[in-house]
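# What the coordinates show
The primary structure of each chain is shown beneath.
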Amino acid sequence: MSPMDLDLRVPFARRNSDGAVVGVEDVSRGRAADCACLSCGRPLIARQGEVNAWHFAHDFSIGETELCEFSQCESIRTAIAWLLPQLRSILVPGLNDRPAKQVSCTTITSAPDFDACIKIDDFSLYLWFGYSQRPWPGQEDTLHDKNGLLILSIDNLVDREANKITSIDQLRRWMTEEESAKHWHHHPLLRREYSSRELNYEHHCVICDRRWLGGPLQESATCRECGTHINVSSTLSVIAGNS
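Residue positions are counted from 1 within each chain, in the order its sequence is given. Local features in this predicted model are restricted to residues of pLDDT 70 or higher, and side-chain atom pairs are both shown and tallied only at a pLDDT of 80 or more, whereas totals for entire chains, interfaces and linings draw on every residue. Working from all heavy atoms in the structure, the side-chain values ignore hydrogens and water.

### Quick look at the overall build of the chain
Stated precisely, the cut-off is as follows: Only DSSP runs of H or I covering at least 4 residues are called helices, and only runs of E covering at least 2 are called strands; the numbering of each starts at the N terminus. Residue exposure (1.4 Å probe, protein chains only): buried if accessible area is under 20% of the type maximum, exposed if over 50%, otherwise partly exposed. Note on definitions: a residue-residue contact is assigned when non-hydrogen atoms from the two residues lie within 4.5 Å. For the area figures, the Shrake-Rupley method with a 1.4 Å probe applies, and any residue is considered shielded solely by the protein chains shown.
Summing up its helical and strand segments, the chain has four helices and 15 strands in all. Residues counted as buried form 47% of the 243 residues belonging to the chain. The contacts in the chain between residues at least 6 apart in sequence include a share of 53% that link residues at least 24 apart. Accessible surface computed for the chain: about 13000 Å², of which carbon and sulfur atoms make up 47%.

Laid out in structure tokens, this is it:
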């Protein structure tokens, strides 16, 4: 992948004093940040100017010339993986007419083909921290009625104009309090909708990234989070049989 394809303005780094992952808003300006790259381990400086978005950059003044292709999205993904085990719970988006809910993080485990797994009794909630250069590999045969797959869409975090994620506290608030940039790739409740005898449409709000199933009417295609149908795209998902 060419460096031109990546946004290298990374918002997170590792603090040298204690090894913690920190955001560019959590540290002092310039070399006083005393941080290292999460990928290559080389020194970073905190650029906290008044024009461009705040970010970390490699310190080439110390003689380093090799470019590290550690992208903004990968920086956020690494920070999510570091922060998740420290959280009491995360907010997962609602399903159809069901509201969003908090899911405890006390039983986080690793899982093949996924970034993390939260066990809820006999149910497995899989998580994937994805972006355009890192889509879920699509092991659909691992998905069934006893598990769900929630995609944390880092692209949507990066693209939103307001509430940029540049500190650990902001990342924590997004993970624990917001539905945006999270969507269900798989859940048994979504599959059960396919037994309906009505037309099912998959609605997607391009502003907050919320997804849900419903009918073709405008009332069904109105995003509960944004309060409008203007930015919602709808596609026919399934026409169920009569049995």
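### Some thoughts on the pattern of salt bridges
Pairing of side chains with opposite charge becomes possible as their charged atoms draw close. Convention followed: Salt bridges are counted wherever a side-chain nitrogen of Lys or Arg sits within 4 Å of a carboxyl oxygen of Asp or Glu.
In this structure the tally under the stated criterion is eight salt bridges. When the shortest N-O distance is used, the salt bridge between Asp122 and Lys146 registers 3.0 Å. With Asp122 in the loop between β9 (116–120) and β10 (123–130) and Lys146 in the loop between β10 and β11 (147–153), the pair connects residues that are 24 residues apart, well separated along the chain. Look at the salt bridges and you will find they share partners, linking Glu74, Arg77, Asp115 and Arg134 into a network.

### A look at unusual backbone geometry
Despite not being glycine, Asp121 shows a phi value in the positive range, around 55°. Structurally, Asp121 can be placed in the loop between β9 and β10. The class for Asp121 is exposed, based on a relative accessible area of 74%. Residue Asp209 is not a glycine yet carries a positive backbone phi of 70°. In this structure, Asp209 sits in the loop between β13 (199–205) and β14 (211–214).

### Side note on the confidence of the model for the chain
Threshold: On a range of 0 to 100, pLDDT expresses the predictor's confidence in each residue.
Mean pLDDT over the chain stands at 82; residues scoring 70 or higher make up 81%. Mean pLDDT in the chain bottoms out at strand β15 (residues 232–239), which sits at 58, and peaks at strand β2 (residues 21–23), which reaches 97. For residues 193–199, every residue scores under 50 in pLDDT, and the model assigns this stretch 19 contacts once sequence neighbours within four places are set aside. With pLDDT under 50 throughout, residues 238–243 is counted as low confidence; its partners more than four residues away or in other chains account for 11 contacts.

### A look at helix α1 (residues 72–83)
Cut-off, in case you're wondering: Under the convention used throughout, the expected extent of a helix is 1.5 Å for every residue step, that is, one less than its residue count.
Relative to the 16 Å expected for 12 residues at 1.5 Å per residue, α1 spans 17 Å between its end C-alpha atoms, a close match to the ideal helical length. Here α1 lies mainly inside the structure; 10 of its 12 residues are buried. The set of residues buried in α1 consists of Gln72, Cys73, Glu74, Ser75, Ile76, Arg77, Thr78, Ala79, Ile80 and Leu83. Buried residues belonging to α1 abut β1 (12–15), β2, β10, β11, α2 (154–159) and α3 (168–177).

### Some words on the sheet that holds β11
Sheet strands associate in pairs through backbone hydrogen bonding, adopting either a parallel or an antiparallel arrangement. For clarity, the threshold we go by: Two strands qualify as a pair provided that DSSP identifies no fewer than 2 bridges between them.
The mixed open sheet is built from five strands, whose spatial order is β8-β9-β10-β11-β12. The sheet is open, and its two borders are formed by β8 (108–109) and β12 (182–186), each paired with just one other strand. Two elements, β9 and β10, share five bridges in a ladder whose sense is antiparallel. Bridged to Lys119 within β10 is Ser124.

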